[in-house]
Amino acid sequence: MWLVPVMLLVLTGEALSLELNMCMNGKHQKQKPGPEGKLYHQCSPWRDNACCTANTSAEAHEDNSYLYNFNWNHCGTMSDQCKKHFIQDTCFYECSPYLGPWIEEADESWRKERIKDVPLCIEDCHEWWEDCKNDFTCKTNWHKGWNWTSGTNQCPNHNRCVKWTDVFPTAKSMCEQIWSNSYLYTAFSKESGRCMQLWFEGANPNKKVAEYYLNGGGQLSFSLATVLAVMMSYFWAIFF
């Protein structure tokens, strides 16, 4: 019976390593992160270790790109200052190798996993909202509920375009609601080491943030499915 607690300790360490440097099981992410020296423009910070390819990074900057056929201009032309944040958000989602603590299963045709409650630095959230507050939209949750009959997202018939601040009165409401709680609004600044940054220069600061949460910081629990999968592989190797 001594083998069980020992195995659990080993398994916990293995789960940590699996969760720290990994890619989501999504539509465009690579199976494993690695260097991508030619990442385009706003995706370039991830070039040393990325879950996205150069082609994906280029498409992240296009309107109605093949990534998801998503139309930023569903309520008129989105301002450039607002759009840059959505491009950055796309780069973060597609390229980040340190989102493991917040990955969960997703029952959707275009991905098997998603992120939820990623603690976003307060500067990123407020700058995003400030730069978009004079734009227009027709929906609170941009993940679902669109009219896709044209092949790209359009406002549902009963939804009219209104000013951004009528839909998202605060930075918190926008950051948490727009992508089905993918992000969690926090009061942490970039210097805190407790929140994820959508943009950075030099070494990726999000690695240390992920390590903090994986090591018990904040309100975080490990994926039971991941732990069980590792346990199965270890017991199979030992006993069979």
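Since the model is a prediction, treat every value here as computed from it, not as a measurement.

What counts as what
Every residue gets a number counted from 1 within its own chain, in the order that chain's sequence is written. Where totals are concerned, whole chains, interfaces and linings use all residues; where local detail is concerned, this predicted model gives features only for residues with pLDDT of at least 70, and gives and counts side-chain atom pairs only at 80 or more. Neither water nor hydrogens contribute to the side-chain values; these are computed over all heavy atoms in the structure. By the criteria applied, helices consist of DSSP H or I runs no shorter than four residues and strands consist of E runs no shorter than two, each listed in order from the N terminus. Burial classification: accessible surface area is computed with a 1.4 Å probe over protein chains only, and a residue below 20% of its type maximum counts as buried, one above 50% as exposed, and the rest as partly exposed. By definition in these notes, contact holds between two residues if any of their heavy atoms fall within 4.5 Å. A carboxyl oxygen of Asp or Glu within 4 Å of a side-chain nitrogen of Lys or Arg is what we treat as a salt bridge. What we call a nonpolar core is a set of buried Ala, Val, Leu, Ile, Met, Phe, Trp, Tyr and Cys residues that are connected through their side-chain atoms within 4.5 Å. For helices, the fitted line uses only the C-alpha atoms of the stretch in contact; every axis is such a line through C-alpha atoms, and the angle between N-to-C directions lies from 0 to 180 degrees. For classification, angles of less than 35 degrees are called roughly parallel, those exceeding 145 degrees roughly antiparallel, those between 65 and 115 degrees roughly perpendicular, and all remaining angles oblique. Note: crossing handedness is left-handed where the near helix turns anticlockwise from the far helix by less than a right angle, and right-handed where it turns clockwise. All amino acids are sorted into three groups, where Ala, Val, Leu, Ile, Met, Phe, Trp, Tyr, Cys and Pro are nonpolar, Asp, Glu, Lys and Arg are charged, and the leftover types, Gly among them, are polar. Cysteine sulfur pairs qualify as disulfides if the two atoms are within 2.5 Å. Two aromatic rings from Phe, Tyr or Trp, using only the six-membered ring of Trp, form a pair when their centres are within 6.5 Å; if the ring planes differ by under 30 degrees the pair is stacked, by over 60 it is edge-to-face, and anything between is tilted. For a Lys NZ or an Arg CZ to count as sitting over a ring, it must be within 6 Å of the ring centre and within 35 degrees of the ring normal.

### Looking at the overall build of the protein chain
Next up, step 1: Each helix and strand counted, the protein chain has 8 helices and 6 strands in total.
Next up, step 2: Each helix and strand of the protein chain, ordered N terminal to C terminal, gives the series α-α-α-β-β-β-α-β-β-α-α-β-α-α.
Next up, step 3: Burial analysis of the protein chain (240 residues in total) assigns 47% to the buried set.
Next up, step 4: Expressed as a percentage of contacts within the protein chain between residues at least 6 apart in sequence, the contacts between residues at least 24 apart total 65%.

### With respect to the pattern of salt bridges
Next up, step 1: Scanning all chains against the criterion turns up 5 salt bridges.
Next up, step 2: Residue glutamate 176 pairs with lysine 172 through a salt bridge whose shortest N-O separation is 2.9 Å. You can see glutamate 176 and its partner lysine 172 sitting in helix α6 (residues 171-177), 4 residues apart, about one turn around the helix.
Next up, step 3: For glutamate 176, a relative accessible area of 13% puts it in the buried group.

### Considering the nonpolar core
Next up, step 1: Counting 48 residues, the largest nonpolar core has Phe86, Leu99, Trp128, Trp142, Trp164 and Trp179 as its most contacted members.
Next up, step 2: For this core, the secondary structure elements donating two or more residues are α3 (80-95), β3 (118-120), α4 (122-132), α5 (164-167), α6 and α7 (206-214).
Next up, step 3: Each residue touching tryptophan 164, except ones within four places of it in the same chain, is listed here: Cys82, Phe86, Trp129, Cys132, Lys133, Asp135, Phe136, Thr137, Trp142, Met174 and Ile178.

### A few points about the packing of α3 against α4
Axis angle and axis distance: for two packed helices, these are the angle between their axes and the distance between the axes, and together they describe the pair.
Next up, step 1: Two elements in contact, α3 and α4, have axes whose closest approach is 7 Å; the angle formed by their N-to-C orientations is 140°. It follows from the interaxial angle that α3 and α4 lie oblique. The interaxial crossing formed by α3 with α4 has left-handed handedness. Here α3 contributes Gln81, Cys82, Lys84, His85, Phe86 and Asp89 to the contact with α4, which in turn contributes Glu127, Trp128, Asp131 and Cys132.
Next up, step 2: Of the residues in the contact of α3 with α4, the class split is 4 nonpolar, 2 polar and 4 charged.

### Details of the state of the cysteines
Next up, step 1: Counting across every chain of the model gives 8 disulfides.
Next up, step 2: The disulfide that involves cysteine 75 links it to cysteine 161, with 2.0 Å between the sulfurs. Taking the sign of the torsion about the S-S bond as the criterion, the disulfide between cysteine 75 and cysteine 161, at about -85°, is left-handed. Remark: cysteine 161 occurs in the loop between β4 (136-137) and β5 (162-163) and cysteine 75 occurs in the loop between α2 (54-59) and α3; sequence separation between them is 86 residues.
Next up, step 3: Its relative accessible area of 14% is what places cysteine 75 among the buried residues.

### Overview of the packing of aromatic side chains
Next up, step 1: This model, assessed by the stated rule, comprises 19 aromatic pairs.
Next up, step 2: Centre to centre, the rings of tryptophan 46 and phenylalanine 200 are 5.1 Å apart; their planes meet at 80°, and the pair counts as edge-to-face. Taken together, the residues tryptophan 46 in the loop between α1 (3-20) and α2 and phenylalanine 200 in the loop between β6 (183-185) and α7 connect sequence positions 154 residues apart. Each of the two residues, tryptophan 46 as well as phenylalanine 200, counts as buried.
Next up, step 3: With 5.0 Å between their ring centres and 10° between their planes, phenylalanine 86 and tryptophan 142 make a pair best called stacked. Of the two residues, phenylalanine 86 is situated in helix α3 and tryptophan 142 in the loop between β4 and β5; the sequence distance between them amounts to 56 residues.
Next up, step 4: Residue class for phenylalanine 86 comes out buried when judged on its relative accessible area of 0%.
Next up, step 5: Assessed through its relative accessible area of 1%, tryptophan 142 is described here as buried.
Next up, step 6: Lying over the aromatic face of tryptophan 146, lysine 139 brings its terminal NZ or CZ to 5.5 Å of the ring centre.
Next up, step 7: Its end group placed over the ring of tyrosine 212, arginine 194 keeps NZ or CZ at 3.7 Å from the ring centre.

### Re unusual backbone geometry
Next up, step 1: A positive phi angle, close to 60°, is found at aspartate 117, a residue other than glycine.
Next up, step 2: Tracing the backbone shows aspartate 117 in the loop between β2 (111-115) and β3.
Next up, step 3: Owing to a relative accessible area of 31%, aspartate 117 belongs among the partly exposed residues under this scheme.
Next up, step 4: Look at asparagine 181: it is not a glycine, yet its phi comes out positive at around 65°.
Next up, step 5: By the secondary structure assignment, asparagine 181 is in the loop between α6 and β6.

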